[in-house]
Amino acid sequence: MPPTLASLIHHSALKLTVRAGEDRLDVPVRWAHASELADPVPYMEGGELLLITALKLDAEDPEAMRRYVRRLVGAGVVGLGFAVGVHYEDIPEALVDAAEGEGLPLLEVPRRTPFLAISKAVSAAISAEQYRAVTAGFAAQRELTRQALTAGPEGLLGALAGQVDGWAALYDASGAVVAVAPEWAERRAGRLVADVERLRDRPAPASAVVGGEDRVELHSLGTGRRARAALAVGTAAALGTAERYAVHSAIALLTLTTERSGSLHAAEQRIGAAVLRMLLAGECDHARAVAGDLYGDLLDAPFRLILAEAASASAARARVEGAVGAVSTAAAVEGVAGEGARTAVAGGSREGARASGAGGAAAGVAADVVRAAAGGAAGGDSGGELLGQLVEVVEAAAARAGEAVLVVPDGERLVVLAVDGGAAVAACGEFAVALETARAAGRDPVSAGGSASASASVVGSVEEEELVVGLSAPAGPIAAAAAYKQAEQALSVARRRGRCLVEHEELAAGSVLPLLGDDAVRAFADSLLRPLREHDATGRGDLVASLRAWLSRHGQWDAAAADLGVHRHTLRYRMRRVEEILGRSLDDPDVRMELWLALKATAAAGE
């Protein structure tokens, strides 16, 4: 306890006597200061015991003393010590009455007690209290460290709650409660989620005090610009010095726990990248050996492979694909069906690599996708704020559920392996839904109806920066290369359809026609059909309409001729003219497919 007026009264060497304010002696004394100024208030900070001899005071004037005492009380002076036998043999009644009236403790200081002795006594008591606080703080730090090492964050929170005589709670980056001690405080901690979310949106480090049933201090945890977690400490009153030491120690320890060192994080990313590279190359046994306890559980159950890309990278890839993707409409269809698709190789500037199967894809993917094995997270621009937020959401969800998750940044692209049906995959979907809803509504993701935990992480203007995500079907380690190929295809479809997230299972649903909306595809269709349209423009027959009718009737002459209202021999003649003009045989199924898709692509464009 800090020194109080009562402790000074009981100090045997000082011989102080109480003359007024006996009921306010338990107030702490911050310092003892001697001043003979008629108005010492400008030099007071509050909490002082003022020592006077009334050298420049008219201590027998009741009105003057009332004004004097009133100003001292207003300045926060906690007591007045009057030395008798110097200028006055006894304390004047005017001063005693004024002190009683204002409730200011008035102490009589005998002549043989120098003011210096009182100042030394106060100083010694303050020093002793500070020493006790520091000693208690070091003891608390040792106990908190021991609990953190032996029992983890839960044990640390329990020890902290005991140190502050209250409760403590840990929140993750999304604002969800991770751990509480003691258990009875769980509801109180849950009511602070909104306050934690507001704290998280402030630049770290940040803190706030929240009122309510308790006095609660909130502290952000982490060394980056955005907090990775938050600590709440609830107490009945403001924290003392020893309790403050304990809280600061807990903040440091929890920061070390939640925000691992950069070198450790980079090492884990290199291990994760190596595991992914081995999986994509078909070396499952080696991948399991390298994964060990860090990612081993992830390989024991079906997982999903997620590819995420920032809008800037997606736009660049779309331009490249648009330049070369319509060389053959047949290749585009095969890409959707997954039969020897032309897959854009991740992270590179090459146009793409044609792979006839999972084995061929594995070699190219393993060589080009996982450059993070060499560079970790330091390689180039991360591709925007949203990729970083997606990482936070996925990792936080996996940590809460106790799932393993493998995250490999690769420039403006992100590769994630997560447990199928787990919290990380669900969080990724919620994040994408919130982002897509906000983009459509043109407002904040939370107000647009997204999930609270995922939406809170979608910050900034969705018009300035977007995200596309491709999600593979469930797969095992042996099919990792095929899963990557599926995620790549889903990502490409998401990019073309203007969607935030597409799952591979969706590719077989619906129609292929939306995929034909690309400018390069329409240019290919226009080029293929232009000779027929130029022929029709001369008024020598309607070859385009005849071709459409014949293809729609699967080459049935009578049915197609009936649709056109012409004789079947007329239709046969027109189809021979189509073959002559195009220089292609309609007996070739690939030619018929290309012509049909060209007709559909131009019809979708309103031509």
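Each chain has its residues counted from 1, running along the sequence as written. With pLDDT at 70 or above as the cut-off, local features in this predicted model cover only qualifying residues; side-chain atom pairs require 80 or more to be listed or tallied, and sums for whole chains, interfaces and linings still use all residues. Side-chain numbers come from the whole structure's heavy atoms, not from hydrogens or water.

J.: Would you explain the pairing of strand 14 (residues 405-410) in this entry?
T.: Regular strands have side chains that alternate between both faces of the sheet. Exposed residues in this analysis have more than 50% of their type's maximum accessible area, buried residues have under 20%, and partly exposed residues fall in between, with area computed by a 1.4 Å probe over protein chains only. In DSSP terms, a helix is any run of H or I states spanning at least four residues, a strand is any run of E spanning at least two, and both are numbered starting from the N terminus. Counting buried positions along strand 14 gives 6 out of 6 residues, so the element sits mostly inside the fold. Looking at chain direction, strand 14 and strand 15 (residues 413-419) are connected through 6 bridges and run antiparallel. By the bridge assignment for strand 15, V405 is matched with A418. Where strand 14 folds back on strand 15, the antiparallel hairpin that results is connected by 2 residues, among which G411 adopts a positive phi of roughly 65°. Here, any two strands with at least 2 DSSP bridges between them count as paired.

J.: Would you take a moment to explain the packing of helix 2 (residues 62-74) against helix 3 (residues 93-102) for this structure?
T.: Any two packed helices are characterised by how steeply their axes cross, that is the angle between the axes, and by the distance between the axes. Orientation of helix 2 relative to helix 3, taken along the N-to-C sense of each, is 40°, at an axis distance of 8 Å. Judged by the inter-axis angle, helix 2 sits oblique to helix 3. Crossing angle aside, the handedness with which helix 2 passes helix 3 is right-handed. Within the contact between the two elements, helix 2 uses P62, M65, R66, V69, R70 and V73 and helix 3 uses A94, L95, A98, A99 and E102. Each residue receives one of three labels: charged for Asp, Glu, Lys and Arg, nonpolar for Ala, Val, Leu, Ile, Met, Phe, Trp, Tyr, Cys and Pro, and polar for the others, Gly being one of them. Of the residues assigned to the contact of helix 2 with helix 3, the class counts are 8 nonpolar, no polar and 3 charged. Think of each axis as a best-fit line through the C-alpha atoms, taken over the contacting stretch in the case of a helix, with angles from 0 to 180 degrees between the N-to-C directions. Here the word oblique covers every angle except those under 35 degrees (roughly parallel), over 145 (roughly antiparallel) and from 65 to 115 (roughly perpendicular). Whether a crossing is left-handed or right-handed is set by the direction in which the near helix is turned from the far one by less than a right angle, anticlockwise for left-handed and clockwise for right-handed. By definition, residues are in contact when any of their heavy atoms lie within 4.5 Å.

J.: In this structure, what is going on with the pattern of salt bridges? I would like to understand it.
T.: Pairing between side chains becomes possible if they bear opposite charge and their charged atoms approach one another. One speaks of a salt bridge when a side-chain nitrogen belonging to Lys or Arg is within 4 Å of a carboxyl oxygen belonging to Asp or Glu. Per the stated rule, a full pass over the model turns up 23 salt bridges. With its nearest N and O atoms 3.0 Å apart, the salt bridge here joins D90 to R19. With D90 in the loop between strand 4 (79-83) and helix 3 and R19 in strand 1 (residues 17-20), the pair connects residues that are 71 residues apart, well separated along the chain. Linking E217 and R215 is a salt bridge whose minimum nitrogen-to-oxygen distance equals 2.8 Å.

J.: Would you explain the sheet that holds strand 1 in this entry?
T.: Pairing within the open sheet is mixed, and its 5 strands lie in the order 1-5-4-3-2. Pairing within the sheet leaves two strands with one partner each, and these edge strands are strand 1 and strand 2 (31-34). With direction set aside, neighbouring strand axes in the sheet form an average angle of 30°. Sheet topology note: the strand 1/strand 5 (residues 106-109) ladder contains 3 bridges and is antiparallel. Note that in strand 5 the partner of T17 across the bridge is E108. Running at roughly 75° to strand 1, helix 3 makes contact with strand 1, strand 4 and strand 5 of the sheet.

J.: Please explain helix 7 (residues 241-258) as it appears in this structure.
T.: The α-helix advances 3.6 residues per turn, and as a result positions three or four apart in sequence lie on the same side. The length a helix should cover is 1.5 Å for every residue beyond the first. End to end, helix 7 covers 26 Å across 18 residues, agreeing with the expected 26 Å (1.5 Å per residue, within 8%). Within helix 7 the residues assigned to the buried category are A246, V247, S249, A250, I251, L253, L254 and T255.

J.: Even after reading the chapter, I still don't get empty space enclosed by the protein, so can you show me in this structure?
T.: To locate leftover empty space, one rolls a probe as large as a water molecule over the atoms. We place a 1 Å grid over just the protein atoms. Points where a 1.4 Å probe fits but has no way out form a cavity, open points with protein on both sides within 12 Å along at least 5 of 7 lines form a pocket, and any residue with an atom within 4 Å of a point lines it. Grid points are joined across faces, edges and corners, and a volume is the space filled by probe spheres set on the points. Scanning the model with the defined rule gives 2 cavities of 30 Å³ or more in all. If you trace the largest cavity, you find it lined by D172, A173, G175, V196, R200, A227, R228, A229 and A230. Where the lining of the largest cavity is concerned, the elements lending two or more residues are helix 6 (193-200) and strand 10 (229-235). Considered class by class, the residues forming the lining of the largest cavity number 5 nonpolar, 1 polar and 3 charged.

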